[in-house]
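Secondary and tertiary structure notes
What follows is the residue order along each chain.
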Amino acid sequence: MAADADLAMPLLWVPRDVLNMTGTKHGCGVAVCGACTVRIHGHADRSCVIPAYTVVGKSIQTIESLGTPDKPHALQSAWIARQVPQCGYCQGGMLMAAAALLEKHRNPRTPILTQPSPTSAVAVRVNGFAPLFIALSAVLARA
Ligand code: FES
């Protein structure tokens, strides 16, 4: 945690405003849309409603930790191949939710549509669910 962070602020603002890592987005601000999703100790959580002081000492992952342009994460490659992002605004949150889901359910035979999904974690405002499920299924098939 950055030394100059106000620990009473929502976790969302620490990477964005203190660390200048803007991949995590502010959407609704009330834990509904999922655009602010980060991983805390591997679990996907909505950073807009989590006070920063509650996560001091915990592992926090944002979209910036998932991959790089030169070495994208398998999910990012699948997202690009299947053209999942539309406006792209919520993709950081969606990918973090998908990464948590992928780690939790590595068995590709797991019926993905009956498990908690990135779409239950991120309320997409556009029509992107079909390519999202195709991309996620492709990554799970290779796991
Ligand atoms: S901004 Fe956090 S859930 Fe919408």
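These notes cover the structure that comes with them. (Residues numbered from 1 in each chain as written. Predicted model: local features only at pLDDT ≥ 70, side-chain atom pairs only at ≥ 80, totals over all residues. Heavy atoms only, no water.)

1. Describing the nonpolar core
Core analysis: the largest hydrophobic core is formed by 21 residues, its most contacted members being Leu75, Trp79, Leu95 and Leu136. Among the elements of the structure, α2 (74-81), α3 (91-104) and α5 (129-142) are those that each provide at least two residues to this core. Counting only domains with at least three residues in this core, you end up with domain 1 (13-64) and domain 2 (67-142). Met9, Leu11, Val14 and Ala52 belong to the second largest nonpolar core, which has nine residues in total. (Core = buried A, V, L, I, M, F, W, Y, C linked by side-chain atoms within 4.5 Å. Buried < 20%, exposed > 50% of the residue type's maximum accessible area, 1.4 Å probe, protein only. Helix = DSSP H or I, 4+ residues; strand = E, 2+ residues; numbered from the N terminus. Domains from an automatic or database assignment.)

2. Some details on the pattern of salt bridges
Per the counting criterion, the structure on display carries one salt bridge. Arg39 is paired through a salt bridge with Glu103; the nearest N and O atoms lie 3.0 Å apart. Here the residue Arg39 occupies a position in strand β1 (residues 37-40), and Glu103 occupies one in helix α3, the gap between them amounting to 64 residues. Taking relative accessible area as the criterion, Arg39 reaches 4% and is therefore assigned buried. (Salt bridge = Lys/Arg side-chain N within 4 Å of Asp/Glu carboxyl O.)

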